[in-house]
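Listed here are the chains, written in short residue letters.
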Amino acid sequence: MKQKLGFLGKAVLFVAVFCLVMSPVQAVLARKSLEPPWDMTNKVGGFYNEPEEEFEVMFFGSSHAYAAFSPLKLWQETGVKSYVFATQQQPLWATYFYLREALKTQSPSLVVVECNMAMDDREHFDDGVTYSYMDELPLSWNKARLAWVSATDLEGRTELLLNIFKYHGRWSQLTEEDWEFDRSAVRDPYKGYVLLPEQAAAQTRPEIEGVTQTRPLTEKNEHWLREIMDLCSQRGIRLWLVKSPSNVTPEGKQALNAVAALAEQAGVTFTDFNEDYAAMGLTEQDFYDASHLDGQGAARFTAYFGAQLMERYPDLPRAPEDPDWAADLDWYLAALEPKTE
């Protein structure tokens, strides 16, 4: 028994020393996304450099979240501070652990989960997706658990957890930016939002009125959606499940009907904002592509969402006079140029 405990102790010590020694090397070698609008290193990594207890509302989900909800516009409309802690095609199991990470430093009154990925039936994703939500997370138990459910074998899980094994071949590609990169200094003035430019082509909105059939979620998606609901319930946090405007197809609407049913069972609010674009002032020209709002579309939607937010949760604390947020708002408004007619 003593031999086993001794071996275990040495193994734990080895892993700890390995991580300590390799951490600076991993910081240099790791892929970094620093060019707007897809500067996810700033958006995800920058969250960890935000003040503690700063945000009353936290948004989670895929690109449908970070292209739709503009925290600066929401603050302008309501005085409520928020952050979009979202990543490309963020599956529900990643959303769960991102929520746990956020709760280490924030105590939001409301969590908003964008449910686009509930419509996706994949059990695992390719490297482009998994590393996009794994790379910017600091080493932690949450990251280890997320790596476990995101890969199918020990090698894949190890590479997700310690991405030095994935990026060890980048030595010849390193730039001065890699060597000088300081993760503790990254910050996103847009608070996780991705401002997309307008596109010339109008996007057709599918007819989803009258779609009442239900397409069951995958077992994995249902499990992690329930875990998200349970975590919020345990922490006493209000949860709002939503589908942002994204020209949902009738098949997708069937999956959203399943989300609505699960939410009703749990006593959680679910809203599909694809059901009435006219009320939001959205048109077919307000989309960057078939399913993502451009900057003007997101501003219109966020203003509408802000009114709904205040109606549903009038007790949310507000901080409308923050000079740092005012400066970031000026930055955002300067980038949000009106469309040319």
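One structure accompanies this document, and this report is about it. It should be emphasised that the depicted structure is a prediction, and the values quoted were computed from it without experimental measurement.

Cut-offs and rules
- Residues numbered from 1 in each chain as written.
- Predicted model: local features only at pLDDT ≥ 70, side-chain atom pairs only at ≥ 80, totals over all residues.
- Heavy atoms only, no water.
- Helix = DSSP H or I, 4+ residues; strand = E, 2+ residues; numbered from the N terminus.
- Buried < 20%, exposed > 50% of the residue type's maximum accessible area, 1.4 Å probe, protein only.
- Polar contact = N/O pair within 3.5 Å; in protein donor to acceptor, adjacent residues only side chain to side chain.
- Contact = heavy atoms within 4.5 Å.
- Phe/Tyr/Trp six-rings, centres within 6.5 Å; stacked < 30°, edge-to-face > 60°.
- Core = buried A, V, L, I, M, F, W, Y, C linked by side-chain atoms within 4.5 Å.
- Pairing = 2+ DSSP bridges.
- Axes fitted to C-alpha atoms, helices over the stretch in contact; angles between N-to-C directions.
- Parallel < 35°, antiparallel > 145°, perpendicular 65-115°, else oblique.
- Salt bridge = Lys/Arg side-chain N within 4 Å of Asp/Glu carboxyl O.
- Right-handed = clockwise from strand over helix to strand, strands pointing away.
- Left-handed = near helix turned anticlockwise from the far one by under 90°.
- Nonpolar A, V, L, I, M, F, W, Y, C, P; charged D, E, K, R; others polar.

Focus on the side chain of Arg 215
Then step 1. Within the element layout of this structure, Arg 215 appears in the loop between α10 (176–180) and α11 (219–235).
Then step 2. A relative accessible area of 15% places Arg 215 in the buried class.
Then step 3. A polar contact of 3.1 Å, which involves the side chain of Arg 215, links it to the side chain of Asp 121.
Then step 4. In this view, Arg 215 contacts Met 119, Asp 121, Glu 251, Gly 252, Gln 254, Ala 255 and Ala 258; residues no more than four positions away in its chain are not counted.

Points about the packing of aromatic side chains
Then step 1. For the structure on display, the rule yields 29 aromatic pairs.
Then step 2. Ring geometry for Phe 69 versus Phe 301: centroids 5.2 Å apart, planes at 55°, classification tilted. Taken as a pair, Phe 69 in the loop between α3 (63–66) and α4 (71–78) and Phe 301 in helix α14 (residues 295–312) lie far apart in primary sequence, 232 residues in all. Each of the two residues, Phe 69 as well as Phe 301, counts as buried.
Then step 3. Ring geometry for Phe 273 against Tyr 304: centres 6.2 Å apart, planes inclined by 90°, an arrangement best described as edge-to-face.

Focus: the nonpolar core
In a soluble, globular protein the nonpolar side chains are often hidden away together inside.
Then step 1. One finds Phe 69, Leu 241 and Phe 305 to be the most contacted residues of the largest nonpolar core, which totals 93 residues.
Then step 2. Leu 241 has contacts with Val 113, Cys 115, Leu 225, Met 229, Val 259, Ala 263, Val 268, Thr 269, Phe 270 and Thr 271, leaving out every residue within four places of it along the chain.

A look at the sheet that holds strand β2 (residues 82–86)
Then step 1. A sheet is described by the order of its strands in space; here 5 strands give the open sequence β2-β1-β3-β4-β5, paired in parallel fashion. Looking at which strands have only one partner, the edges of the open sheet turn out to be β2 and β5 (269–272). Strand-to-strand twist in this sheet, taken as the mean axis angle between neighbours without regard to direction, amounts to 20°.
Then step 2. Sheet topology note: the strand β1 (residues 57–61)/β2 ladder contains 5 bridges and is parallel. Looking at the pairing, Phe 60 lines up with Phe 85 of β2.
Then step 3. Sheet strands touched by α14: β1, β3 (110–114), β4 (238–243) and β5. Its angle to β4, the strand with the most contacts, is close to 150°.

A word on the pairing of β2
Then step 1. Among the 5 residues of β2, 5 are classified as buried, and the element is accordingly described as predominantly covered.
Then step 2. With burial as the criterion, each face of β2 is covered, one bearing Ser 82, Val 84 and Ala 86 and the other bearing Tyr 83 and Phe 85.

Focus on the packing of helix α6 (residues 127–134) against helix α8 (residues 154–161)
Then step 1. In contact at an axis separation of 10 Å, α6 and α8 are set at 45° when each is read in the N-to-C sense. Judged by the angle between their axes, α6 and α8 are oblique. Contacts from Thr 130, Tyr 131 and Met 134 in α6 reach Glu 159, Leu 160 and Leu 161 in α8.

A few points about the environment of Asn 257
Then step 1. Relative to the elements of secondary structure, Asn 257 occurs in helix α12 (residues 250–266).
Then step 2. By relative accessible area, which is 18% here, Asn 257 ends up buried.
Then step 3. Distance from Asn 257 to Arg 215, taken between C-alpha atoms, is 7.4 Å for residues 42 residues apart in sequence.
Then step 4. Non-local contacts of Asn 257, meaning those with residues more than four positions away in its chain, are made with Val 211, Thr 212, Gln 213 and Thr 214.

Let's talk about the pattern of salt bridges
Then step 1. Summed over the entire model, instances satisfying the criterion amount to 17 salt bridges.
Then step 2. Ionic pairing is found between Glu 114 and Lys 243, a salt bridge with its closest N-O pair at 2.6 Å. Here Glu 114, found in strand β3, pairs with Lys 243, found in strand β4; they are 129 residues apart in sequence, far enough to count as distant.
Then step 3. The exposure class of Glu 114 is buried, given its relative accessible area of 2%.
Then step 4. According to the relative accessible area criterion, Lys 243 is buried, its value standing at 0%.
Then step 5. The closest approach of N and O atoms between Arg 205 and Glu 209, which form a salt bridge, is 3.0 Å.

Points about the environment of Ala 290
Then step 1. The residue Ala 290 is located in the loop between α13 (277–280) and α14 in this model.
Then step 2. On the accessibility criterion, Ala 290 (47% relative accessible area) is partly exposed.
Then step 3. Along the chain, Ala 290 and Ala 201 lie 89 residues apart, while their C-alpha atoms are 9.4 Å from each other.
Then step 4. Each residue touching Ala 290, except ones within four places of it in the same chain, is listed here: Gln 203, Ser 246 and Asn 247.

Overview of the pairing of β4
Consecutive residues of a regular strand have side chains that alternate between opposite faces of the sheet.
Then step 1. Taking burial as the measure, the 6 residues of β4 include 5 buried ones, the bulk of the element.
Then step 2. Examined bridge by bridge, β3 and β4 share 5 bridges and lie parallel to one another. Bridge pairing in β4 places Val 113 opposite Leu 241.
Then step 3. The pairing of β4 with β5 spans 4 bridges and is parallel. Bridge pairing in β5 links Leu 241 to Phe 270.
Then step 4. Traced from β4 through α12 to β5, the parallel crossover comes out right-handed.

Brief notes about the packing of helix α7 (residues 141–150) against α8
Then step 1. Running from amino to carboxyl end, α7 crosses α8 at an angle of 145°, the nearest separation of the two axes being 8 Å. Like other packed secondary-structure pairs, α7 and α8 cross with a definite hand, here right-handed. Packed against α7, whose contacting residues are Lys 143, Ala 144, Ala 147, Trp 148 and Ser 150, the element α8 presents Arg 157, Leu 160 and Leu 161 at the interface.
Then step 2. When its residues are assigned to classes, the contact of α7 with α8 shows 5 nonpolar, 1 polar and 2 charged.

Take it as geometry only, folks, not as evidence of what the structure does.
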